[in-house]
Amino acid sequence: MSSLTDQTASELLERMRSGDVSAEQIAAACLDRIARHDPAVGAFLRVGGDEALAAAADVDRRRRGGQAVGLLGGLPVAVKDLICVRGQVTTCGSRMLANFVPPYDATVVERLRAADGVLLGKTNLDEFGMGGSTENSAFHPTRNPWDLERIPGGSSGGAAACVAARMAPLSLGTDTGGSIRQPSALCGVVGLKPTYGRVSRFGLVAFASSLDQIGPLARTAEDAALLLEAIAGHDPRDSTSAPAPVPPYSQTVRQPLSGLRLGRVREHYGEGLDEQLAAATEQALDVYRSLGAQIRDVSLPHSRYAIATYYIIAPCEASSNLARYDGAHYGHRTDERQMRADLRQEQRRLEAAGDTAGVDQLDTPLVRLYRQSRAEGFGAEVKRRIMLGTYALSAGYYDAYYLKALKTRRLIRGDYDQAFAEVDLIVGPCTPTAAFPLGAKLNDPLAMYLGDLYTVGTNLAGLAGISIPCGATREGWPIGLHLQAPAFEEDRLLRAAYMFQQVTAWHQRRPDLP
Ligand code: GLN
């Protein structure tokens, strides 16, 4: 029999229900695997070993006593470190928040606990979710379990790597422009970005508030369905969360869809798409044909503006959201005594030189506190986004950049509306290439941004998307298939993913860790 960590969440749940294995044994098996392999992978920023074992033992006690247990019934779940967990350091991958301890749980964390999920630890990410490789973490990069010299994708790289490496059966990530789906594709797991408003953002540290969503990563569609069901639904503490009812995804996921019409996006097969990924996508379409689906060509004509639009809107919102980190209220504060001493010294030097204009221009201590705290606390990519966003929002440029991006966003949304009048789901590659070597794009932000080509449209239009394993390159690196659905049709995505997994084995491949 395969080891506990090889089994899917649904299989483990079944075994716990039949009394064959305990939640505590499962948590212990995950912790053991983390201890063995995470030093090489670096998926976690913190592991809550004792708390996880205690929470699991509590579920076991209640189950043994014949009491009701929640939907997740003692399954371990890893949480991206951009999501607040009460009393536990939540860093957002940033030096700025290296010691930040939230006084409350995010709504998704409350729901995990209520569903008897066992919190395993916090996973690594690109600082504040900004990046596509997890190399922008202030602490350490995460490595791809399929090849430790390659990136796992990002920004939820830790979330995807820990599931691929069998350290956790389930994890929560966040997706602003692809950060759940892209690392899922590159690590060979299932990752779903819910519709904007499907899952509460309360307690999710904001990157770009009109785009951010929390969603599940898992190894199968059933498992993703289970986790989504546990976290979805209206929350009075997030006014953008939708009051729409949540379908019982974990039950409906096994129902096949008939008469499925899939849209193949013409614009997605252009320049930049690796031929191996193009071929894998075509083969996946053949699989769907064999399942009775019809494939039609659809067009998203404005998708060629998606990257430009996203990289205006996301930095604008980020520059505004990140203004709160000023060294006075939240997070890192520069060494104040040293700062004041430096300031006095600068003043004396200017006075000695008779430079009165220089003295007049000197920072006040408060301004210097802001400047210096932010300079020390933020990494290079975050600073780049803050500068881009601040520029695009400033007087004179607002109309030319921000307003124009908002208009383009509306056109992109309109393209999807038209396409979804003809098809049920849009299908294509999730990423233009498979996992690339660490460091390959670190000094070329634009190349890194282009990796988001196929995923940012979903966020700009507020829709739902999923990546599922659909192939491998000659070298064995995973390839993801991207399915997009109209708003609030996560159920359709999950069922289509389940159908695919019934006749393919890509989701069963596992990386060999030394
Ligand atoms: N890679 C994209 C970015 O850097 C998306 C990030 C995300 O979805 N959080 O902004």
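Everything numeric in this text was worked out from a predicted model, so none of it was measured.

A word on the pattern of salt bridges
The final tally for this structure, using the stated rule, is 32 salt bridges. Here Arg62 ties to Asp58 by a salt bridge, and the two come within 3.2 Å at their closest N and O atoms. Separated by four residues within a single helix, Arg62 and Asp58 lie in helix H3 (residues 49–64), roughly one turn from each other. Close ionic contact of Arg264 with Asp297 constitutes a salt bridge, the shortest N to O distance being 3.5 Å. Residue Arg264 is found in strand E7 (residues 261–265), and its partner Asp297 is found in strand E8 (residues 294–298); the two are separated by 33 residues along the sequence. Linked through salt bridges whose partners overlap, the residues forming this network are Asp58, Arg61, Arg62 and Asp116.

A short note on the sheet that holds strand E11 (residues 478–485)
Taken together, 11 strands build an open sheet; the order of strands is E1-E3-E2-E4-E6-E5-E10-E11-E9-E7-E8 and the sheet is mixed. Strands at the two margins of the open sheet, each flanked by one partner only, are strand E1 (44–47) and E8. For this sheet, the mean inter-axis angle between neighbouring strands, taken without regard to orientation, is 30°. Sheet strands in contact with helix H4 (residues 107–114) are strand E2 (76–80), strand E3 (118–123), strand E4 (170–175) and strand E6 (213–218), and its direction is about 150° off that of E3. Where helix H7 (residues 221–231) meets the sheet, it contacts E2, E4, strand E5 (190–193) and E6, and its direction lies at approximately 145° from that of E6.

Here's the deal with the pairing of E11
Within E11, eight of the eight residues are buried, which leaves the element mostly enclosed by the surrounding structure. The alternating pattern of E11 places Pro478, Gly480, His482 and Gln484 on one face and Ile479, Leu481, Leu483 and Ala485 on the opposite face, and all of these are buried. Taken together, the eight bridges between strand E10 (residues 464–472) and E11 define a ladder with antiparallel strand orientation. Along E11, the bridge assignment pairs Gly471 with Ile479. Once E10 ends, the chain turns through five residues before running back antiparallel as E11, passing Gly476 with a positive phi of about 100°.

Examining empty space enclosed by the protein
Applying the stated criterion across every chain yields a total of four cavities of 30 Å³ or more. Approximately 80 Å³ is the volume found for the largest cavity. In terms of lining, the largest cavity is formed by 15 residues, of which the most central are Gly131, Ser179, Tyr310, Tyr311 and Asp452. Here the lining of the largest cavity is composed, by residue class, of three nonpolar, 10 polar and two charged. Here the second largest cavity defines a volume of roughly 70 Å³. Together, His268, Leu300, Ser303, Ala306, Ile412, Tyr416, Leu453, Tyr454, Gly457 and Gln484 line the second largest cavity.

Conventions we followed
Residues numbered from 1 in each chain as written. Predicted model: local features only at pLDDT ≥ 70, side-chain atom pairs only at ≥ 80, totals over all residues. Heavy atoms only, no water. Salt bridge = Lys/Arg side-chain N within 4 Å of Asp/Glu carboxyl O. Helix = DSSP H or I, 4+ residues; strand = E, 2+ residues; numbered from the N terminus. Pairing = 2+ DSSP bridges. Axes fitted to C-alpha atoms, helices over the stretch in contact; angles between N-to-C directions. Contact = heavy atoms within 4.5 Å. Buried < 20%, exposed > 50% of the residue type's maximum accessible area, 1.4 Å probe, protein only. 1 Å grid on protein atoms, 1.4 Å probe; cavity = no way out; pocket = protein on both sides within 12 Å on 5 of 7 lines; lining within 4 Å. Points joined across faces, edges and corners; volume = space filled by probe spheres on them. Nonpolar A, V, L, I, M, F, W, Y, C, P; charged D, E, K, R; others polar.

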